[in-house]
Amino acid sequence: MKPSGIEWIGDIPDDWEVTKISRLYSIQLGKMLQPEKKSSGDTYEPYICAANLSSGTFRLDEVKYMWISEPEKDIYRLKRDDLLVTEGGDVGISSIWKDDISPCYFQNALHRVVPKKGNSNRFLHYWLIVLKSVGYIDLICNKSTIAHFTKEKFAQSLILSIPLQTQQKIADYLDEKCGEIDATIAKQKESIEKLKAYKQSLISETVTKGLDKSAPLKPSGIDYLGDIPSHWEIKKLKFLVSLIDNKTKDGHSISLENIESGTGKLIETENTYDGEGISFKENDLLFGKLRPYLAKVYLSALKGRALGDFYVMRANKGTNPNFLKFVLLSDWFIKIVDSSTYGTKMPRASWDFTGGMRIPLPPISEQDCISSYLEIKCSEVDTFIIEKQNIIQKLDAYKKSLIFECVTGKKRI
């Protein structure tokens, strides 16, 4: 081994050298988006953009189309084993094209990389993962505005020049090992989604049917509720809460980014915004009224101000605010309110509709029991989810470490 001369690379095998990517690979930026037909020979063709790339894979469920001329087809048509790398968006992400769609082209938010003789795209794919994970790509891309991994920056980026046979052995080894790790991660993610679905089902079932499974039921007369316990009532939300709209510049601030979607949990971040917000007190409910944030519901534990698009509600006497929190988090409530949102740029829920939502209301003693039960059960599920998320983080860290050790020659294959 010998010093590479680059601190973050460290020592490398004696016969390896540090060089620039442009010496070993050719880089081509994709076609400028063409939304309209310009000549009679243009045809409407599928293309890959940055949004279609995930590290090592392609998301092909939403492939877009653009117009392209006959001469351009030869220039921008994708070929099997092309390496595509994001120029914009989440820069430096790479995937190898396997001809899943043919013909298919690529847009100018992507680079196509072609190896020069004696080099491998698969090795470069793993090398780019290292450049991304050590922060090299973020460092050379100015993230104070919109980051771009330009052709010039890409071409000048460092890489190790090693024999092609060694590149192929490293890529083969990493394909196998990373495939095993990815499969384990996928199982953990699948398990997380099942846990989330179970929790949502538990919430929706409990706030509409209660805890006593032997209690007689009656038709609610509302499609999204079905039968409810016969001694429960149906009330409109606006009769159970008071809508708060008092503005203040004082107190602890909470924005939409501070609330975890679907859980009602607070995420502490540094808010530097000192403007005006809606005043709230302890046990007030915050409900994100923009379409992407309808599942952002928070039961306040302190006084403060809500920044952004929230409805702030205060439970009236005879209503447990924690029970209402779970009603607002239930799948049926969110779906119905979502269907009512209006506006094209940032669809939002109106209070006329949201406040008019009819919800099941048990006696206050049952509300207390239901909210306590759901707090315990949801906390148990969240604990399992966090455990699995930690496993995923450890696996991801191990995968990045393994790739680094292999492509820098510290682990000999």
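Quick note: structure is the one above.
Everything quoted here is computed from the prediction, not taken from an experiment. (Residues numbered from 1 in each chain as written. Predicted model: local features only at pLDDT ≥ 70, side-chain atom pairs only at ≥ 80, totals over all residues. Heavy atoms only, no water.)

1. As for the overall build of the chain
Argument step 1. Across its full length, the chain holds 10 helices and 25 strands.
Argument step 2. Whereas a compact globule of 413 residues would reach a radius of gyration of roughly 22 Å, the chain reaches 27 Å, over 25% beyond that.
Argument step 3. Across its three principal axes, the chain shows a C-alpha extent of roughly 80 × 60 × 45 Å.
Argument step 4. Within the chain, the fraction of its 413 residues that count as buried is 46%.
Argument step 5. Residue pairs in contact within the chain that sit at least 24 positions apart in sequence constitute 74% of those at least 6 positions apart.
Argument step 6. By element, 51% of the accessible surface of the chain is carried by carbon and sulfur atoms, the whole surface being about 21,000 Å².
Argument step 7. Counting 58 positive and 55 negative side-chain charges, the chain places the averaged centre of each group 1 Å from the other. (Helix = DSSP H or I, 4+ residues; strand = E, 2+ residues; numbered from the N terminus. Rg over C-alpha atoms; globule rule 2.2 N^0.38 Å. Buried < 20%, exposed > 50% of the residue type's maximum accessible area, 1.4 Å probe, protein only. Contact = heavy atoms within 4.5 Å. Areas by Shrake-Rupley, 256 points an atom, 1.4 Å probe, with all protein chains shown as cover. Lys, Arg positive; Asp, Glu negative; His and termini not counted. Charge placed at Lys NZ, Arg CZ, Asp CG, Glu CD.)

2. Some words on the state of the cysteines
Argument step 1. Under the criterion given, the structure shown has zero disulfides.
Argument step 2. Unpaired in this structure, cysteine 104 has its nearest cysteine sulfur neighbour in cysteine 49, at a distance of 9.9 Å.
Argument step 3. Residue cysteine 406 stays outside any disulfide, its sulfur separated by 7.9 Å from that of cysteine 178, the closest cysteine. (Disulfide = S-S within 2.5 Å.)

3. What to know about the pattern of salt bridges
Argument step 1. Across all of its chains, the model carries 22 salt bridges by this definition.
Argument step 2. The salt bridge involving lysine 400 is made with aspartate 396; its shortest N-O contact spans 3.4 Å. With lysine 400 and aspartate 396 both in helix H10 (residues 364-407), this residue pair falls four residues apart, about one helical turn.
Argument step 3. A residue is classified by how much of its surface remains accessible, and aspartate 396, at 30% relative accessible area, is partly exposed.
Argument step 4. Through salt bridges with shared partners, a single network forms among Glu45, Glu70 and Lys73. (Salt bridge = Lys/Arg side-chain N within 4 Å of Asp/Glu carboxyl O.)

4. What to know about the sheet that holds strand E23 (residues 304-306)
Argument step 1. Strands sit in the order E18-E20-E23-E19 across an open sheet of four strands; the sheet is mixed. Strands with a single pairing partner mark the edges of an open sheet, and in this sheet they are strand E18 (247-248) and strand E19 (252-254).
Argument step 2. Two elements, E18 and strand E20 (residues 277-280), share two bridges in a ladder whose sense is antiparallel. By the bridge assignment for E20, threonine 248 is matched with glycine 277. (Pairing = 2+ DSSP bridges.)

5. Some words on the sheet that holds strand E5 (residues 43-48)
Argument step 1. Strand order in the open sheet formed by three strands is E8-E5-E11, and the pairing between neighbours is mixed. Sheet topology places strand E8 (64-68) and strand E11 (105-106) at the edges, where each strand pairs with a single neighbour.
Argument step 2. Note: E5 against E8, five bridges, orientation antiparallel. Of the residues in E8, the one forming a bridge with tyrosine 44 is tryptophan 67.

6. Here we look at helix H3 (residues 121-133)
Argument step 1. Relative to the 18 Å expected for 13 residues at 1.5 Å per residue, H3 spans 18 Å between its end C-alpha atoms, a close match to the ideal helical length.
Argument step 2. With 10 of 13 residues buried, H3 is to be regarded as a mostly interior element.
Argument step 3. Taken as a whole, H3 has its buried residues at Asn121, Phe123, Leu124, His125, Tyr126, Trp127, Leu128, Ile129, Val130 and Leu131.
Argument step 4. At the N-terminal boundary of H3, the capping side chain belongs to serine 120, with an oxygen 3.2 Å from the backbone nitrogen of arginine 122. (Expected span 1.5 Å × (residues − 1). Polar contact = N/O pair within 3.5 Å; in protein donor to acceptor, adjacent residues only side chain to side chain.)

7. With respect to the nonpolar core
Argument step 1. Formed by 47 residues in total, the largest nonpolar core has its most connected members in Leu124, Trp127, Leu174 and Val407.
Argument step 2. Element by element, the count of residues in this core is highest for H10, at nine residues.
Argument step 3. Counting 36 residues, the second largest nonpolar core, distinct from the first, contains Phe287, Phe323, Leu329 and Ile370. (Core = buried A, V, L, I, M, F, W, Y, C linked by side-chain atoms within 4.5 Å.)

8. Remarks on the packing of helix H7 (residues 321-329) against H10
Argument step 1. Here H7 crosses H10 at 60°, and the two axes come no closer than 8 Å. The angle between the axes of H7 and H10 places the two elements in the oblique class. Relative to H10, H7 is oriented so that their crossing is left-handed. For the pair H7 and H10, the contacting residues are Asn322, Phe323, Lys325 and Phe326 in the first and Gln367, Ile370, Ser371, Leu374, Glu375 and Cys378 in the second.
Argument step 2. Its residues assigned to classes, the contact of H7 with H10 shows five nonpolar, three polar and two charged. (Axes fitted to C-alpha atoms, helices over the stretch in contact; angles between N-to-C directions. Parallel < 35°, antiparallel > 145°, perpendicular 65-115°, else oblique. Left-handed = near helix turned anticlockwise from the far one by under 90°. Nonpolar A, V, L, I, M, F, W, Y, C, P; charged D, E, K, R; others polar.)

9. A look at the packing of H3 against H10
Argument step 1. At a closest axis distance of 9 Å, the pairing of H3 and H10 adopts a crossing angle of 120°. Accordingly, the angle class assigned to the pair H3 and H10 is oblique. Two packed elements cross with a definite hand, and for H3 against H10 that hand is left-handed. Every residue of H10 that contacts H3 at Phe123, Tyr126, Trp127, Ile129, Val130 and Ser133 is listed here: Lys400, Ile403, Phe404 and Val407.

10. Thoughts on the side chain of serine 204
Argument step 1. Within the secondary structure layout, serine 204 lies in helix H6 (residues 164-209).
Argument step 2. Those residues in contact with serine 204 that sit more than four places away from it in its chain are Ser330, Asp331 and Trp332.

11. Digging into H10
Argument step 1. If you check H10, its first and last C-alpha atoms are 63 Å apart, about what 44 residues at 1.5 Å a residue would give, namely 64 Å.
Argument step 2. Taken from the residues just after H10, glycine 409 is the one with a positive phi, measuring 80°.

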